Structures are given as structure tokens and as C-alpha cells.
Amino acid sequence: MRFLEVFKRRFLLMHVSRIPVWADYRWVFVLALIALVSGASLDSSESGTTASYLAGLLITILFFASVLVHELAHAALARFEGVDVLEIVLHPFGGLARLRHEPETPRAEFCIAAAGPAASFALALLFVGLMAIASAVDALLFSKLLFMLATFNFLICVFNLFPGYPLDGGRLLRAYLWRSGRDINEATILTGRCGQVIGGMFVLVGLFLAVFRADFFTGFWMILIGLFLYDAAASIIKETRKLARVRLMDVMMLPVAVAPDANLLYFVDHILPINRQAVFPVAKDHQLFGMLLLEDLKAVPRERWHQTLVQNVMRAVTREQFIDMTASVSDARAQMRENGIGAVGVLDNDGQLVGFLGGGVIRRQTAR
């Protein structure tokens, strides 16, 4: 039992742009297995056994490097959309970029999900071009190696576009359903069901290959992938249903309110540097007056900030800007999407501001 626990432990591979990249010991086993299979497929009288297995090791390392590039593409787009990336985990069936929270809009979800397959497809085209060059100079072993890398990356692209969560295609489908008016939790559960169906299909195809075609290696591998997808989709459905029952008061943060009679210069110099949000509630004595959006400050010349009051720039309070503290998280998120602000103030039974949800984060500006 202790051996299995050690086998599942993770170890740190590297940091990429301050993002930790982890792998577990199962990943090492799969890396060695793929290296042996790749070396056997490359073995030929022209290259010799030793060169073939060394090439197999190289192709396996480049394959997992391609998987890492796939996940880094997700991470780059997530950061661009203002979502922090906690870590990247390489596992026997690919990789996973873990985000601090879900994207706040369907567009952001779509862009982040599409980045991975796009990166894999671009790598496939790159390796095809390099393969053509290798073939032109009669470097047959390198040509075979590059062909396998191009094929691997193309298959990663196609596989991830299957419309079932947690695959990228499932996230693209979820973004479409979300954009079409579905609640994000409902869209997640629907795409999770699709992921379970896809996982079940992989298991059935794997059984067919193993039993009727005597292709035990491919069949066994497809069964493992199918079970992994099914289990991941089931976990997502369970987690989403649990989240739908969570009350807003359990996850809301304390409001960082701006007084309506404060001037913009005071806000920019004293509040904004400490709280890097894109939206702030405007309140005094716990009474909500409206919302201050950073994008609305652009209409005010900088030289007038010291004489312009927050109440003259804020968006006056409307019913869509606040929600009762007993509401669910899913209700709050739906209201955040509909009010065009991406944030809501949380009021108690007396109508006082006691919490805040959303607001996003300010994207880092590139240096000029």
C-alpha cells in the first residue's frame, strides 16, 4: 500500500515563467514505456538498435515537451484573461494547467480552451516542415522521428477537441452553451456527461482491440485513457453539483469600498495600488451607492482626477449590482454575467453591504 502511495507522489520538474511544473512517478514509467515502443518502431538496418532506442528516448522527451507547450499555451491565455495559473501537472495521459478560478466570461473560457489545441496543431505543422527538410537531405532516421512528432501533436490536437469535459473540446462546448444562455453549472454538467460518454467509448474500443484484434497494448492503453476520462468527468460533475449548493456568504470576500465623496486621485494613489481589482463597490456607512469601474476612469483626464469625485464617475446602483447574502454562488455568477460589470455587492437582511464577489484583476501592462 505504501508503495502505491509513493508511486503516486509528485515531484517538481521545473518552473516556467514562475509556474511550477509537476509530474508523478507514473509519468516516469510511461515515459520509459513510450521510449521503448518508439525505439522499436524506429529500429532499422540503416540506423542500428542503439541509435533507434536513443532516438526513441529523444522523441519521447520531445513529445512530453510538446504536451508542456500545449499546457503553457493554456496558461499564457489564462494570464492574458486575468486568471492566475497555480501549476501545471504532467500525468500519464497528458497534462493539466490548474487555474485559480474559472474564467469570468464565455469568451475568455473559449480562448483559454482553444489555445492548447492551436499550439499542438502549430507544432504538428512545424515538425512536418522539419521532416520535409530531413527527407530532402536523406536523414532518414530524423525524418521518421519528426514524422512521429508531427503525428503525436496532430493526435493531441484532435483528441483534445472531442466535445467532452475535461478535454479542451468540452470546455469549448461549455463556452458555447454558456454564451447561449445556459447556466455555467448546467453547461459544465452537460459537457461532463459528454466526457463520460467519450470515456466509455474509449473503453469499448479498447476492449474490442484487445479481444477481437489481439492488439493488447493499444487496447489496454485506450481502456486506461477511457477510465481516466470517465473518472475525471464524474469528479467534475460531483464537484459542480456541490458548488451549486454552496451559499454566497461562504465564499464572498470583504468589500473594499470607495467613498462616494472621495476624489479619483485619492482612489488611484491609496486604494488601487493595494487592491488590484477592475471593479470597486462605492459605499458609505455600509450603504451601497454604485460601482466604480476602472475603464470609466479613462474618460476623465488625469489632470482633473484631484477635483473629480467618485460619485460623478461611478455607475449608480441598480438591482442587478447587488444580491442577497443567502443566494447561491451559481446565482451570483449568473447575475455577474448579466449586469455587464462582472461583480456584485452582497447585502444582508438590513440592506447593508457585507461582501463582494467578482471584480476581476487588472491585467499587467507590457512595458513600453
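Calculation rules
Residues numbered from 1 in each chain as written. Predicted model: local features only at pLDDT ≥ 70, side-chain atom pairs only at ≥ 80, totals over all residues. Heavy atoms only, no water. Helix = DSSP H or I, 4+ residues; strand = E, 2+ residues; numbered from the N terminus. Buried < 20%, exposed > 50% of the residue type's maximum accessible area, 1.4 Å probe, protein only. Contact = heavy atoms within 4.5 Å. Pairing = 2+ DSSP bridges. Salt bridge = Lys/Arg side-chain N within 4 Å of Asp/Glu carboxyl O. Axes fitted to C-alpha atoms, helices over the stretch in contact; angles between N-to-C directions. Core = buried A, V, L, I, M, F, W, Y, C linked by side-chain atoms within 4.5 Å. pLDDT = per-residue confidence, 0-100. Phe/Tyr/Trp six-rings, centres within 6.5 Å; stacked < 30°, edge-to-face > 60°.

A. Inspection of the overall build of the chain at higher detail. The helix and strand inventory of the chain stands at 11 helices and 10 strands. Within the chain, the proportion of its 368 residues that are buried is 44%. Taking the intrachain contacts of the chain between residues at least 6 apart in sequence as the baseline, contacts between residues at least 24 apart amount to 59%.

B. Seen up close, the sheet that holds strand β6 (residues 287–293). Strand order across the open sheet formed by three strands is β5-β6-β7, with antiparallel pairing between neighbours. Looking at the sheet topology across the chains shown, the edges are occupied by β5 (279–284) and β7 (315–316). Sheet topology places β5 next to β6; six bridges connect them, and they run antiparallel. Its bridge partner lying in β6, F280 is registered against L292.

C. Representation of the pairing of β6 in the model. Among the seven residues in β6, five count as buried, and that is most of the element. Turn length for the β5-β6 hairpin, with the two strands adjacent in sequence and antiparallel, is two residues, and the turn residue D285 shows positive phi of about 55°.

D. The pattern of salt bridges, seen in detail. With the rule as written, the count across this model stands at nine salt bridges. Linking R171 and E109 is a salt bridge whose minimum nitrogen-to-oxygen distance equals 2.8 Å. In this pair, R171 sits in helix α6 (residues 168–179) while E109 sits in helix α4 (residues 106–136), placing the two residues 62 residues apart along the sequence. A salt bridge links D296 to R315, with the nearest nitrogen and oxygen atoms 3.0 Å apart. Highlighted residues: D296 in helix α10 (residues 294–297) and R315 in strand β7, separated in sequence by 19 residues. On the basis of relative accessibility, which here comes to 18%, the residue D296 falls in the buried class. Taking relative accessible area as the criterion, R315 reaches 29% and is therefore assigned partly exposed. A cluster of three or more residues bridged by salt bridges with shared partners is formed by E102, E109, R171 and R174.

E. Representation of helix α11 (residues 329–338) within the structure. Taken together, the buried positions of α11 are V329, S330, A332, A334, Q335 and M336. The inward-facing, buried residues of α11 contact α7 (184–212), α8 (216–244), β8 (322–324), β9 (343–347) and β10 (353–358). Downstream of α11 by one or two residues, G340 has phi in the positive range, about 75°.

F. Representation of the sheet that holds β8. One open sheet holds the three strands; their spatial order is β8-β9-β10, and the pairing between them is mixed. Each edge of the open sheet carries a strand with a single partner, namely β8 and β10. Each neighbouring strand pair of the sheet contributes to a mean axis angle of 35°, computed without reference to strand direction. The pairing of β8 with β9 spans three bridges and is parallel. By the bridge assignment, F322 is partnered in β9 with G345.

G. Region of the structure containing the nonpolar core. Counting 31 residues, the largest nonpolar core has F63, F64 and L149 as the members making the most contacts within it. Among the elements of the structure, β2 (19–24), α2 (25–42), α3 (49–80), β3 (85–91), β4 (94–99), α4 and α5 (140–160) are those that each provide at least two residues to this core. The dominant element in this core, judged by the number of residues it contributes, is α3, at eight residues. If sequence neighbours within four positions are ignored, F63 has contacts with I34, L149, F152 and I156. Listed in part, the 17 residues of the second largest apolar core include L292, L297, V300 and V313.

H. Inspection of the confidence of the model for the chain at higher detail. Looking at the chain, the pLDDT average stands at 85 and 93% of residues meet or exceed 70. Mean pLDDT per element in the chain: helix α1 (residues 2–7) is the minimum at 44, and α4 is the maximum at 95. For residues 1–7, every residue scores under 50 in pLDDT, and the model assigns this stretch four contacts once sequence neighbours within four places are set aside. Predicted confidence is poor over residues 362–368, with pLDDT under 50, and the contacts of this stretch with residues over four places away or in other chains come to 10 contacts.

I. Representation of the packing of aromatic side chains. Scanning the entire structure with this criterion turns up seven aromatic pairs. Note on F162 and F202: the rings are 6.1 Å apart at their centroids and 50° apart in plane angle, and the pair reads as tilted. With a gap of 40 residues between them, F162 in the loop between α5 and α6 and F202 in helix α7 connect regions that are remote in the sequence.

J. Geometry of unusual backbone geometry. For the bond from Y165 to P166, the omega torsion is 15°, close enough to zero to count as cis. Inspection of the secondary structure assignment puts P166 in the loop between α5 and α6. One non-glycine residue, S17, lies in the positive phi region at around 50°. Mapped onto the secondary structure, S17 falls in the loop between β1 (10–16) and β2. Residues other than glycine seldom take positive phi values, yet H286 does so here, at roughly 65°. Of note, H286 is situated in the loop between β5 and β6.

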